[in-house]
Amino acid sequence: FGMHENADITFNRAESTALSATILHLQPRETSEGTGKSSYELVTELITEIESKTPDLLNDEEAGEFTFIVNEQSGLLTSLDTVLKQEMVKFNRLVNRIKTSLTDLRKAINGIIVMSSDLDQMYTAFLINELPQIWNKVSFASLKTLGSWVKDVVLRVDFMRTWLRDGLPSCFPLPVFFFPQGFMTGTLQTYARKYQVAIDTLQFEFNALSDQIPEHGPDDGVYISGLFMEGARWDFEKRQVCDSRLGEVFVSMPVIHFKPAVDHTIPHGWYSCPVYKTAERKGVLSTTGLSTNFVVAVELPSSTDPTRWIMAGAACLC
């Protein structure tokens, strides 16, 4: 079918993951008596470990002198400060859910409260290193296992806290956002207010830089990092999209300058590369008519006809 050899690797990896998940779900919760720890002990230890890693809530009082500055003329916060506030609300809701459910699960194990269906599912998920549904309902989109997901939460909250205390960073890792689409809109709104243009006429133009994080942010737009390409790769020397190497399924992308422009059109021969939140590449149909998993289409120079990358399913993930 003209597919790259890496498609075979992706298929086999997906099949192996599905088989492993099925085997884990079939294993009994309790085993015969032995020298190992019981499931209760394992889950209790995991509760203690996650509690020690869970970050504190993000608080407006931590804001530095360059954060949440109100415009004297409009009396409004900047668009990106509004995005930060919205992200803080989402992360605080998630952190609160983590803390309260861990406390409840510990009490349920000790017989202090009734083990509800949500807590029972959470108990089972802990045994197989899976993200509990009670957390997944208020979480950002993720396909990671429990251990990796907890580390991800800590990194995301740490970034938001640094932004809150120190002001706008020079570069934004796109994967840290709960709702990256809102961040994109906030960036366009900042440009629209600065130059007094209609936001409906604005679209992003893209300039791929290097793999080094710039020391200072751009005058207009934002620098974005943290993207990975699947189905193709970025050639850092030729600065264009080209074929993947055998065995390299996910390849890191350079820092990209997202710059708003009025009535922008894609340059001829460039590939409009979709960016998704997860490798699943599917979500719920939103009010905009697009999938909730879809973030933005990044325009990149191509070494060949862009239709080739469409057939290959080349996309960026964050």
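Up top is the structure these notes are about.
Residues numbered from 1 in each chain as written. Predicted model: local features only at pLDDT ≥ 70, side-chain atom pairs only at ≥ 80, totals over all residues. Heavy atoms only, no water.

Participant: Hey, could you go over the side chain of S302 for me, with residue numbers and the actual values?
Facilitator: Summarising the element assignment, S302 is placed in the loop between β10 (294-301) and α8 (307-312). Using a relative accessible area of 15% as the deciding quantity, one classes S302 as buried. Within polar-contact distance, the side chain of S302 engages the backbone oxygen of T304 at 2.5 Å. Only 2.7 Å separates the side chain of S302 from the side chain of W309, close enough to count as a polar contact. (Helix = DSSP H or I, 4+ residues; strand = E, 2+ residues; numbered from the N terminus. Buried < 20%, exposed > 50% of the residue type's maximum accessible area, 1.4 Å probe, protein only. Polar contact = N/O pair within 3.5 Å; in protein donor to acceptor, adjacent residues only side chain to side chain.)

Participant: Describe in detail the environment of L24, supporting the description with residues and values.
Facilitator: Take L24: it is sitting in helix α1 (residues 6-26). Taking relative accessible area as the criterion, L24 reaches 37% and is therefore assigned partly exposed. In this structure, the C-alpha to C-alpha distance between L24 and S116, residues 92 residues apart in sequence, is 22 Å.

Participant: How would you sum up the packing of aromatic side chains? Please name residues and give values.
Facilitator: Under the criterion given, the structure shown has 18 aromatic pairs. Judged by centre distance (4.8 Å) and plane angle (50 degrees), the rings of F172 and F183 are tilted. Residue F172 is located in strand β1 (residues 172-173), and its partner F183 is located in helix α7 (residues 180-195); the two are separated by 11 residues in the primary sequence. Neither residue differs from the other here; F172 and F183 are each classed as buried. Each member of the aromatic cluster is reached from another via a ring pair, and the members are F91, F126, W135, F140, W149 and F178. In this structure, K85 is placed above the aromatic ring of F68, and the distance from its NZ or CZ to the ring centre is 4.5 Å. A cation over an aromatic ring shows up here: R156 above the ring of F140, its NZ or CZ 3.6 Å from the ring centre. (Phe/Tyr/Trp six-rings, centres within 6.5 Å; stacked < 30°, edge-to-face > 60°. Lys NZ or Arg CZ within 6 Å of the ring centre and 35° of its normal.)

Participant: Help me get a handle on unusual backbone geometry, residues and values and all.
Facilitator: Most of the time, phi is negative for any residue but glycine, and the peptide bond is trans. Backbone geometry places F68, a non-glycine residue, at a positive phi of 60 degrees. Mapping F68 onto the fold places it in the loop between α2 (39-53) and α3 (79-109). We classify F68 as buried; its relative accessible area is 16%. Phi is positive for D263, which is not a glycine, with a value near 50 degrees. For D263, a relative accessible area of 61% gives the class exposed.

Participant: Report on the pattern of salt bridges, specifying residues and quantitative values.
Facilitator: Counting across every chain of the model gives 11 salt bridges. Between E51 and R106 there is a salt bridge, and its shortest N-O distance comes to 2.7 Å. Residue E51 is found in helix α2, and its partner R106 is found in helix α3; the two are separated by 55 residues along the sequence. Judged by its relative accessible area of 25%, R106 falls in the partly exposed class. Here the salt bridges do not stand alone but share partners, grouping E62, R161 and R165 into one network. (Salt bridge = Lys/Arg side-chain N within 4 Å of Asp/Glu carboxyl O.)

Participant: Hey, could you go over the packing of α2 against α3 for me, with residue numbers and the actual values?
Facilitator: Between α2 and α3, the shortest axis-to-axis distance is 10 Å and the interhelical angle comes to 155 degrees. By the angle between their directions, the pair α2 and α3 is classed as roughly antiparallel. Crossing of α2 against α3: the hand is left-handed. On α3, the residues that touch Y40, V43, T44, I47, T48, I50 and E51 of α2 are I98, L102, T103, L105, R106 and I109. (Axes fitted to C-alpha atoms, helices over the stretch in contact; angles between N-to-C directions. Parallel < 35°, antiparallel > 145°, perpendicular 65-115°, else oblique. Left-handed = near helix turned anticlockwise from the far one by under 90°. Contact = heavy atoms within 4.5 Å.)

Participant: Residue-level account of the packing of α3 against helix α4 (residues 117-127), with values.
Facilitator: α4 packs onto α3 with a crossing angle of 95 degrees between their chain directions and a minimal axis gap of 10 Å. Classified by the angle their axes make, α3 and α4 are roughly perpendicular. For the pair formed by α3 and α4, the contact residues are S101, L102, D104, L105, A108 and I109 on the first element and L119, M122, Y123 and F126 on the second. Of the residues belonging to the contact of α3 with α4, the class tally is 8 nonpolar, 1 polar and 1 charged. (Nonpolar A, V, L, I, M, F, W, Y, C, P; charged D, E, K, R; others polar.)

Participant: Account for the sheet that holds strand β9 (residues 270-276), naming residues and giving values.
Facilitator: In spatial order, the strands read β7-β4-β11-β9-β10; together these 5 strands make up an open sheet with mixed pairing. Strands at the two margins of the open sheet, each flanked by one partner only, are β7 (250-252) and β10. Here the average twist between neighbouring strands, direction ignored, is 35 degrees. As paired strands, β9 and β10 are joined by 7 bridges and run antiparallel to one another. By the bridge assignment for β10, V275 is matched with V296. (Pairing = 2+ DSSP bridges.)

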